[in-house]
Amino acid sequence: MILQTQKIKRFIVNSKRIGNYFSKNKTDLSDFDYRYHRLFNGQKSSRGISDYFMTLDVEFKETYELAQQLLIAVQHKNSPAYQSLIQTKKPFVSSQLKRSLKNIKQAFTYNRK
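Reading the values: the criteria
Along each chain, residues carry numbers from 1 onward, in the same order as the chain's sequence is written. Note on the predicted model: pLDDT of at least 70 is required for a residue's local features to be given, and 80 or more for side-chain atom pairs to be given and counted; whole-chain, interface and lining totals, by contrast, use all residues. Note that water and hydrogens are dropped before the side-chain values are worked out from all heavy atoms of the structure. We define the nonpolar core as a collection of buried residues of types Ala, Val, Leu, Ile, Met, Phe, Trp, Tyr and Cys that are connected through side-chain atoms lying within 4.5 Å of one another. Burial classes: relative accessible area under 20% of the type maximum marks a residue as buried, over 50% as exposed, and values in between as partly exposed (1.4 Å probe, protein chains only). Each helix is a run of DSSP H or I of at least 4 residues and each strand a run of E of at least 2, with the numbering of both proceeding from the N terminus. It only takes one pair of heavy atoms within 4.5 Å for two residues to be counted as in contact. Salt bridge criterion: a side-chain nitrogen from Lys or Arg within 4 Å of a carboxyl oxygen from Asp or Glu. One requirement defines pairing of two strands: DSSP has to find at least two bridges between them. Every axis corresponds to a line fitted to the C-alpha atoms, with the helix fit spanning only the stretch in contact, and the corresponding angles, defined between N-to-C directions, vary from 0 to 180 degrees. Orientation is classified from the angle alone, with under 35 degrees giving roughly parallel, over 145 giving roughly antiparallel, 65 to 115 giving roughly perpendicular, and any other angle giving oblique. Residues are grouped as follows: Ala, Val, Leu, Ile, Met, Phe, Trp, Tyr, Cys and Pro are nonpolar; Asp, Glu, Lys and Arg are charged; every other residue, Gly included, is polar. Confidence per residue, as judged by the predictor, is encoded in pLDDT with a range of 0 to 100.

Asker: Got a sec to walk through the nonpolar core? Specific residues and values, please.
Answerer: Listed in full, the nine residues of the largest apolar core are L66, L70, A73, Y82, L85, I86, V93, L97 and L101. Looking at this core, the elements with two or more residues in it are α4 (58–75), α5 (79–87) and α6 (95–112). Those residues within four positions of L66 in sequence are excluded, and the remaining contacts are L85, K90, V93, L97 and L101. L29, F53, M54 and Y64 belong to the second largest nonpolar core, which has seven residues in total.

Structure (structure tokens):
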């Protein structure tokens, strides 16, 4: 499972076109704008590419979805939702995101003192 996640991450980092889809807000991905991609030997929408990578690995999917939820909470300035997201325990989230969430929790508790 870890090997699969590392392969996916390495592929996305090395492929600028594919990596751009994961740096965007999920709502900005299109279902209707099809473009040719060598990886798929045909045309694929940006949402189709995102959905394909989500099926490959549970950790990648959970990490992406949590990051998207955090992004939406920040964009809508929804502090209670943001705080509940950083407090919940997610077992399949990547270690890098867990470390970031731990640092954010510490910053929140430090600022409250």
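Asker: Tell me about the pattern of salt bridges, residues and numbers included.
Answerer: Taken as a whole and assessed by the stated rule, the structure comprises two salt bridges. Of the charged contacts in the structure, one is a salt bridge between R47 and D31, with a shortest N-O distance of 3.7 Å. Highlighted residues: R47 in helix α3 (residues 46–56) and D31 in the loop between α2 (16–23) and β1 (34–37), separated in sequence by 16 residues. Exposure remark for R47: the relative accessible area of 23% places this residue in the partly exposed category. Between R35 and D33 there is a salt bridge whose closest N-O contact spans 3.2 Å. Taking the relative accessible area as the measure of exposure, R35 reaches 48% and is therefore partly exposed. For D33, a relative accessible area of 38% puts it in the partly exposed group.

Asker: Can you tell me about the pairing of β1, naming the residues and giving the values?
Answerer: As defined by bridge partners, β1 adjoins strand β2 (residues 42–45) across four bridges and the pair is classed as antiparallel. Its bridge partner lying in β2, H37 is registered against G42. Joining the antiparallel neighbours β1 and β2 is a turn of four residues, in which N41 adopts a positive phi near 50°.

Asker: Tell me about the packing of α3 against α4, and please be specific about residues and values.
Answerer: For the pair α3 and α4, interaxial distance at closest approach is 5 Å and the crossing angle is 130°. One finds that α3 runs oblique with respect to α4. Taken together, the residues of α4 that come into contact with α3 (itself represented by S50, F53 and M54) are F60, K61 and Y64. Taken together, the residues of the contact of α3 with α4 sort by class into four nonpolar, one polar and one charged.

Asker: Give me the lowdown on the confidence of the model for the chain, citing residues and values where you can.
Answerer: Confidence in the prediction for the chain averages 79 pLDDT; 77% of positions are at 70 or higher. For the chain, the element scoring lowest by mean pLDDT is helix α1 (residues 2–14), at 62; α4 scores highest, at 88.

Asker: How would you summarise the environment of L97 if you had to cite specific residues and measurements?
Answerer: You can see L97 is positioned in helix α6. Residue classification places L97 among the buried positions, given a relative accessible area of 15%. Sequence separation of L97 and T63 is 34 residues, and the distance between their C-alpha atoms is 7.2 Å. Among residues more than four places away in sequence, those in contact with L97 are T63 and L66.

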